[in-house]
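In case you want the letters, here they are:
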Amino acid sequence: MSDDCIFCKIATKQIPVDAVYEDDEFIAFHDLNRQAPVHVLVIPKAHFPTVMDVTDASVLGRAMLAANEAARCMNLQDDGFRIVVNCRDDGGQTVYHLHLHVLGGRFMQWPPG
Ligand code: 5GP
Ligand code: ZN
């Protein structure tokens, strides 16, 4: 837990959110500024500033499974979806608590801008 981290406050329920998926280790909720009809953020309850700060491969594996579950909860399993992790400035990361974006509900262009 990092005191000034907005996602830690969400993870500890100091700031309430409507969870679309939750387990012991992760919570998924709607992005405030959605970039697609479905835009969910999946965060670990533990604080990792960036994806580079995770050294345990099993955490990343479980994070991907949690993203799959969040996508399933949003009924994206048939049409598909995109999972995005931004890292630091050039990756466009603005919140320094690891999060996976799950985007769906429309066709995703490639490459991204
Ligand atoms: P990043 O740019 O770091 O990959 O993504 C951070 C995301 O968090 C952004 O898409 C932004 O809209 C979202 N976000 C920032 N603050 C909040 C918040 O307090 N609540 C929610 N639900 N989303 C937030
Ligand atoms: Zn945090």
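Throughout this description, residue numbers start from 1 for each chain and increase along the sequence as written. Whichever chain is written first becomes A and whichever ligand is written first becomes 1, with later ones labelled in order. Local features in this predicted model are restricted to residues of pLDDT 70 or higher, and side-chain atom pairs are both shown and tallied only at a pLDDT of 80 or more, whereas totals for entire chains, interfaces and linings draw on every residue. The basis for every side-chain value is the complete set of non-hydrogen atoms in the structure, without hydrogens or water.

**Considerations on the coordination of the zinc ion (ligand 2)**
Inference 1: Bound to the zinc ion (ligand 2) on the protein side are Cys-5 (SG), Cys-8 (SG), His-47 (ND1) and His-97 (ND1), at distances that span 2.0 to 2.3 Å.
Inference 2: Sequence spacing among the residues donating to the zinc ion (ligand 2) works out to C-x2-C-x38-H-x49-H. Here Cys-5 and Cys-8 have matching classes, each one buried. Metal donors: N, O and S atoms at distances within 2.8 Å, or within 3.2 Å for Na, K and Ca, with water omitted from the atom set so that some sites may seem incomplete. We call a residue buried when its accessible area falls under 20% of the maximum for its residue type, exposed when it is over 50%, and partly exposed in between, using a 1.4 Å probe and counting protein chains only.

**Remarks on the sheet that holds strand β5 (residues 100-104)**
Inference 1: In short, DSSP must find at least two bridges between two strands for them to pair. A run of H or I in DSSP becomes a helix once it reaches four residues, and a run of E becomes a strand once it reaches two; helices and strands are each numbered from the N terminus. Pairing in this open sheet of 5 strands is antiparallel, and the strands run β1-β2-β3-β5-β4 from one edge to the other. In this open sheet, the two edge strands, each paired with only one partner strand, are β1 (19-22) and β4 (81-84). Adjacent strand axes in the sheet meet at a mean angle of 20 degrees, parallel and antiparallel pairs treated alike.
Inference 2: As paired strands, strand β2 (residues 26-30) and strand β3 (residues 38-44) are joined by 5 bridges and run antiparallel to one another. The partner of Phe-29 across the bridge, within β3, is Leu-41. Axis definition: a line fitted to C-alpha atoms, limited for helices to the stretch in contact. Angles are taken between N-to-C directions and run from 0 to 180 degrees.

**What about the site of ligand 1?**
Inference 1: Ligand 1 sits among 15 residues. The nearest are Asp-31, Asn-86, Thr-94, His-99 and His-101.
Inference 2: The side chain of Asp-31 places a nitrogen or oxygen atom 2.5 Å from an oxygen atom of ligand 1.
Inference 3: In protein, a polar contact requires one atom able to donate a hydrogen and another able to accept it; more generally it is a pair of N or O atoms within 3.5 Å, and residues adjacent in sequence count only if both atoms are side-chain atoms. In the environment of ligand 1, a nitrogen atom lies 3.3 Å from a nitrogen or oxygen atom belonging to the backbone of Leu-32.
Inference 4: Its free accessible area being 520 Å², ligand 1 has 82% of it covered by the protein chains.
Inference 5: Looking at the shell around ligand 1, the elements that each hand over two or more residues are α1 (6-11) and β2.
Inference 6: The nonpolar class holds Ala, Val, Leu, Ile, Met, Phe, Trp, Tyr, Cys and Pro. Asp, Glu, Lys and Arg form the charged class, and all remaining residues, Gly among them, are polar. Here the residues of the shell around ligand 1 are counted per class, giving 6 nonpolar, 8 polar and 1 charged. Only a single heavy atom is needed: when it lies within 4 Å of a molecule or strand, its residue is near that molecule or strand. Working definition of accessibility: Shrake-Rupley area with a 1.4 Å probe, residue cover restricted to the visible protein chains.

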